[in-house]
Amino acid sequence: MDFFDVVVIGGGSAGYAAANAAQSKGAKVAIVDKGPLGGLCILRGCMPTKTILRSSDVLALMHRAKEFGLSVSNPSADLSLINDRKTRLINEFANYRIEQLNDPKFTLIGEHASFLSPHQLKVGKRVLSAKNFIVATGSTTAEFPVPGLAEVGFLTSDDVLELREAPESMIVLGAGPVAVELAQFFCRIGTQTTLVQRSDYILSKGDEDLACPVETRFREEGMEVCTGTKLLRVEKSRYGRTVFFSHEGKEKSATASTILQALGRKPNIDGLNLSAASVNVNQGRIEVDQEMRTNVPHIFAVGDVNGLHEIVHIAIEQGEIAAHNVTQEDTRQFDERLKLSITFTDPPVASVGLSEKECQKLSILYLKATYPFDDHGKSLCLGETHGHVKILCSPDSGEIIGAHVVGPEAGEMIHQMVTLMHFRGTVHDLVKLPHYHPTLSEIFTYPAEELAQML
């Protein structure tokens, strides 16, 4: 039996962060990952999707050339070449991660892991024992019981990343970040796209006013967006695959050559035999506290596998918190105050802190103010006028408790608000900060001024 201070199961972003942080504190660390090495973010998530989205964003701008006094002749997309560029970049990212995992400071074991007991892990033909375990096995595409869907066939978000020819038409089931990013990508490269969503608006975890400008842009670009639906069944038809759904009490349908099932992902725990370790699982997610600790004190779970937030930088932070807690006497906890999310549509959506939905659910008092991009100098110059910014603040102190952007460069702009909120800045602080003109970032000063006058 091999003994370690810490065994990390999974070598993706969360797992590597945990292993590296634990080893830096002097722990003897093993990483168990059956492969392919690299992790979801690099292989099938953030990096490949953002790479292909860049191509469709450029193409969309080329189609708007006349608006900017330019002439471009018949721009088009070649998905095989887009895929080739993606593959080159992802190989570089993955090779670097594989090099990190193969560092001799770790023991890397490329086998499947399965618990035998709370202190023993079967890894291939070996048995590992450890003081602490950190589960970081990520997530996988989830299956949903839509009658007929499995029989007619569908693609997942993993599958579409390998396509080399754009489908003639596509129905996208779901409207979370993965679904909407891929739906817009395929729409922009020439696929007739229909988005079918169960909730009343897309990106339904956030506030509705942040989703509306994205829906507007989708429809302008020719996408059919169906919200507030209930999926009924899927059938093969003469013209491809037909999805039947109810909307406002009536049965409707959409037909396409391809279906992208993007209704969500699930923690990747199959085969871990967590019951042998007495680890509690709730609705497929490993239950953890704010220390990333499961009900078994020496077993931790970080990243997508605990289902708290399917976001890479949070997974990394959770991995580092778990590593600290297994190696140090004092403990660290995950703080959700500055939780950050970005969806890379056009316009993109970015949020930090509390949303209005969360404030209302938690009975947190707040003041809010917004300002539109179609009345802002720099965004008018750029021709990017969809969307707005929104600030939420405490009605007592003026401390900013939430900031949101739907509009140009939202993913970059949100970080000035993250910095301000990190230091518990107020709307008065934001008004005082110098902002260069003309820039996109100065738009935040307008709602800040409005809120300052309310206090």
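Above: the structure in question.
Caption draft 1: Structural view of the nonpolar core. Ranked by size, the top nonpolar core spans 50 residues in total, and within it Val7, Val29, Phe115, Leu121, Val135 and Ile286 carry the most contacts. Elements represented by at least two residues in this core include exactly β1 (2–9), α1 (13–24), β2 (29–32), β4 (113–117), β5 (120–123), β6 (126–135), β18 (299–301) and α9 (312–327). When sequence neighbours within four positions are dropped, the list of residues in contact with Val29 reads Phe4, Val6, Val8, Ala19, Ala22, Gln23, Phe106 and Thr107. Ranked by size, the runner-up nonpolar core spans 34 residues in total, among them Leu53, Leu161, Leu195 and Ala262.

Caption draft 2: Quick look at helix α14 (residues 445–454). Among the residues of α14, Thr445, Pro447, Ala448, Leu451 and Ala452 are the ones counted as buried. Down the axis of α14, the sector holding all buried residues measures 160 degrees, keeping them to one side. If you follow the buried residues of α14, they end up packed against β21 (367–372), β22 (388–393) and α13 (427–432).

Caption draft 3: Expanded view of the pairing of strand β11 (residues 229–237). Looking at chain direction, β11 and strand β12 (residues 240–247) are connected through 8 bridges and run antiparallel. Bridge assignment links Glu235 to a residue of β12, and that residue is Thr242. Turn length for the β11-β12 hairpin, with the two strands adjacent in sequence and antiparallel, is 2 residues.

Caption draft 4: A look at the sheet that holds strand β8 (residues 169–173). One open sheet holds the 4 strands; their spatial order is β10-β9-β8-β14, and the pairing between them is parallel. Bordering the open sheet on either side are β10 (224–226) and β14 (258–261), each of which pairs with just one other strand. Neighbour-to-neighbour, the strand axes of the sheet open up by a mean angle of 15 degrees, direction not taken into account. The pairing of strand β9 (residues 192–196) with β10 spans 3 bridges and is classified as parallel. Residue pairing across strands places Val196 opposite Cys226, the latter belonging to β10.

Conventions adopted
Residues numbered from 1 in each chain as written. Predicted model: local features only at pLDDT ≥ 70, side-chain atom pairs only at ≥ 80, totals over all residues. Heavy atoms only, no water. Core = buried A, V, L, I, M, F, W, Y, C linked by side-chain atoms within 4.5 Å. Buried < 20%, exposed > 50% of the residue type's maximum accessible area, 1.4 Å probe, protein only. Helix = DSSP H or I, 4+ residues; strand = E, 2+ residues; numbered from the N terminus. Contact = heavy atoms within 4.5 Å. Arc of directions from axis to C-beta. Pairing = 2+ DSSP bridges. Axes fitted to C-alpha atoms, helices over the stretch in contact; angles between N-to-C directions.

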